[in-house]
Amino acid sequence: MASTPTLPPLLRESGQREVFCGLTSIVWLHRRMPDAFFLVVGSRTCAHLVQSAAGVMIFAEPRFGTAILGERDLAGLADANEELDRVVGDLLERRPEIRTLFLVGSCPSEVIKLDLAKAAERITTRLRGRVRVVNYSGSGIETTFTQGEDGALSALVPLLPRCDDDQLLLVGTLADGVEDRLLTLFERLGVGPVRSLPPRQSTDLPSVGAGTRLLMAQPFLSDTVRALERRGARRLPSPYPLGVEGSRAWMAAAAAAFAVDEARVAEVLDPLVERGRRALVPLRRQLEGKRLFLMPDSQLEIPLARFLSRECGMDLVEVGTPYLDRTLMAEELALLPDGTQLSEGQDLERQLERVRAARPDLVVCGLGLANPLEAEGIATKWSIELVFSPIHGIDQAADLAELFARPLHRRELLQWN
Ligand code: SF4
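1. Topic: the site of the ligand
Part 1 of the reasoning: Around the ligand, the structure places Cys21, Leu23, Cys46, Leu49, Ser106, Cys107, Pro108, Ser139 and Gly140.
Part 2 of the reasoning: Mapped by element, the contributors of at least two residues to the shell around the ligand are helix 2 (44–54) and helix 5 (107–111).
Part 3 of the reasoning: Grouping the amino acids of the shell around the ligand by side-chain chemistry returns 6 nonpolar, 3 polar and no charged.

2. A word on the packing of aromatic side chains
Part 1 of the reasoning: According to the stated counting rule, one finds 6 aromatic pairs in the structure shown.
Part 2 of the reasoning: Ring centres 5.2 Å apart and planes at 50° place the aromatic pair Phe20 and Phe145 in the tilted group. Remark: Phe145 occurs in the loop between strand 5 (132–137) and helix 7 (147–156) and Phe20 occurs in the loop between strand 1 (11–14) and helix 1 (26–32); sequence separation between them is 125 residues.
Part 3 of the reasoning: The class for Phe20 is partly exposed, based on a relative accessible area of 23%.
Part 4 of the reasoning: Residue class for Phe145 comes out buried when judged on its relative accessible area of 0%.
Part 5 of the reasoning: With a centroid separation of 5.9 Å and 80° between ring planes, the pair formed by Phe102 and Tyr136 is classed as edge-to-face. Highlighted residues: Phe102 in strand 4 (residues 100–105) and Tyr136 in strand 5, separated in sequence by 34 residues.

3. Here we look at the nonpolar core
Nonpolar side chains in soluble globular proteins tend to be buried together.
Part 1 of the reasoning: Counting residues in each nonpolar core, the largest one holds 103 residues, and the members touching the most others are Phe38, Phe102, Leu168, Phe186, Leu228 and Phe404.
Part 2 of the reasoning: By size, the runner-up hydrophobic cluster in this structure holds 21 residues, among which are Leu39, Leu69, Val88 and Leu103.

4. Considerations on helix 17 (residues 397–413)
Part 1 of the reasoning: With 17 residues, helix 17 extends 24 Å from end C-alpha to end C-alpha; this agrees with the ideal 24 Å at 1.5 Å per step.
Part 2 of the reasoning: At Ala405, helix 17 is deflected by roughly 35°, the largest bend along its length, and proline Pro407 occurs up to four residues later in sequence.
Part 3 of the reasoning: Among the residues of helix 17, those classed as buried are Ala397, Ala398, Leu400, Ala401, Leu403, Phe404, Ala405, Pro407 and Leu408.

5. Remarks on the pairing of strand 12 (residues 342–346)
Part 1 of the reasoning: Across the 5 residues of strand 12, 5 count as buried, placing the element largely inside the fold.
Part 2 of the reasoning: Note that strand 1 and strand 12 share 4 bridges and pair parallel. Considered in strand 12, the bridge of Glu13 is made with Gly345.
Part 3 of the reasoning: Here strand 11 (residues 315–321) pairs with strand 12 via 3 bridges, running parallel. Residue pairing across strands places Gly320 opposite Ser343, the latter belonging to strand 12.
Part 4 of the reasoning: You can see the chain leave strand 11, run along helix 13 (residues 326–333) and come back into strand 12, and the turn it takes is right-handed.

6. Here we look at unusual backbone geometry
Keep in mind that most residues, glycine aside, have a negative phi and that most peptide bonds are trans.
Part 1 of the reasoning: A cis amide bond links Gly192 with the next residue in sequence, Pro193, at an omega value of -5°.
Part 2 of the reasoning: With respect to the helices, strands and loops of the structure, Pro193 is situated in the loop between helix 8 (176–189) and strand 7 (194–197).
Part 3 of the reasoning: Unusually for a residue other than glycine, Lys113 sits at a positive phi of about 55°.
Part 4 of the reasoning: Counting through the fold element by element, Lys113 comes out in the loop between helix 5 and helix 6 (116–126).
Part 5 of the reasoning: Lys113 sits in the exposed class, given a relative accessible area of 70%.
Part 6 of the reasoning: A positive phi is found at Arg359, a non-glycine position, where the angle reads about 45°.
Part 7 of the reasoning: On the basis of relative accessible area, Arg359 is assigned to the partly exposed category, the value being 43%.

7. Remarks on the sheet that holds strand 6 (residues 167–171)
Remark on secondary structure: sheet strands pair via backbone hydrogen bonds, oriented parallel or antiparallel.
Part 1 of the reasoning: Spatially, the 4 strands line up as an open sheet ordered 7-6-8-9, and their pairing is parallel. Where the open sheet ends on each side, the last strands, each with one partner, are strand 7 and strand 9 (234–235).
Part 2 of the reasoning: In this fold helix 10 (residues 243–257) packs onto strand 6 and strand 8 (212–216), with an angle of close to 170° to the strand it touches most, strand 8.

Conventions we followed
- Residues numbered from 1 in each chain as written.
- Predicted model: local features only at pLDDT ≥ 70, side-chain atom pairs only at ≥ 80, totals over all residues.
- Heavy atoms only, no water.
- Near = heavy atom within 4 Å.
- Helix = DSSP H or I, 4+ residues; strand = E, 2+ residues; numbered from the N terminus.
- Nonpolar A, V, L, I, M, F, W, Y, C, P; charged D, E, K, R; others polar.
- Phe/Tyr/Trp six-rings, centres within 6.5 Å; stacked < 30°, edge-to-face > 60°.
- Buried < 20%, exposed > 50% of the residue type's maximum accessible area, 1.4 Å probe, protein only.
- Core = buried A, V, L, I, M, F, W, Y, C linked by side-chain atoms within 4.5 Å.
- Expected span 1.5 Å × (residues − 1).
- Bend = angle between axes of the 7 residues up to and from the residue.
- Pairing = 2+ DSSP bridges.
- Right-handed = clockwise from strand over helix to strand, strands pointing away.
- Contact = heavy atoms within 4.5 Å.
- Axes fitted to C-alpha atoms, helices over the stretch in contact; angles between N-to-C directions.

Here's what the structure looks like:
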């Protein structure tokens, strides 16, 4: 592991923000657990948001919806709890296959202080365990984008059965194909048993206890980690499984915890590392020396910056993150190049001024900023794609680099005028 680099003071900003609220995470969570339903208790704005974020998926069999708080609820004229019970009753009658119902809090439900935790308990009791109802907040007041997943997973932690046997728990949503591949590799390494949170079926919850080692697949799960640690689990410190280097270190951390000798680790992983590095060569050619600015969005920014600078040769102008958890990011921070400017939070106009002054070659940002920056002649990469694409693991390193090389390549192709 590299020695701790010298980083300039963290730039902490607050002000106007251009980020998603935590409701957006429903879009990938509902795909991961097809037997769960996500019921947002919110306004039409919330319904519009989830609908726009989910795009065409809204027309497939929906496993999310919004109980819209009407004016009578907001004015306190209707008993919102009674209304909610009625909506949930109707929903479960129409959809008997639902096993876990997430009641997702929003800005309006929080502002009127609707106690959804109590509602979840009340409805679970009434349904006598037929459906488990859990609550978390995805509101924009409390959560940014991927923090919604942190809320959903930490709400599941109290439901996990207790077991102190040795096991590896992968924490954070992975694409199913990526997860299968990683499970095969862990098996070849002799690491196991391996379970995942979230599981593929909401009723198939992994156990947790003193023998549980946590390997974090995603960096934005601060509350979930703390909740699992309170139940006896221990986190394995490691960089995140992005890029060849991060993914190898991530798997090696698990192997070390399960006393697999290094020769075996090398035997299984080094051929993959070799192939992964070779696949990166042409992409590195496109990305090397290009100046990169990451705006805050998903908390994936620091691991991505580490990958893009160390394995693809990009220069980091600024690495923004909506929230910096120094404990969960310690191994990543140690791998950043000297002098990397980090920023936490956002004051949009000031950050845009810095973008314009630096004229980076590529800006990673949300959809709201991408086209306007393109119109100013600055190439952009939509950050939302990073949470929907299979980007984890040694085998995916080239695909991950390709996501950043593509907008630069397109720009070159279009330089005809
Ligand atoms: S939860 Fe808040 S920020 Fe998110 S869509 Fe609803 S009102 Fe908007």
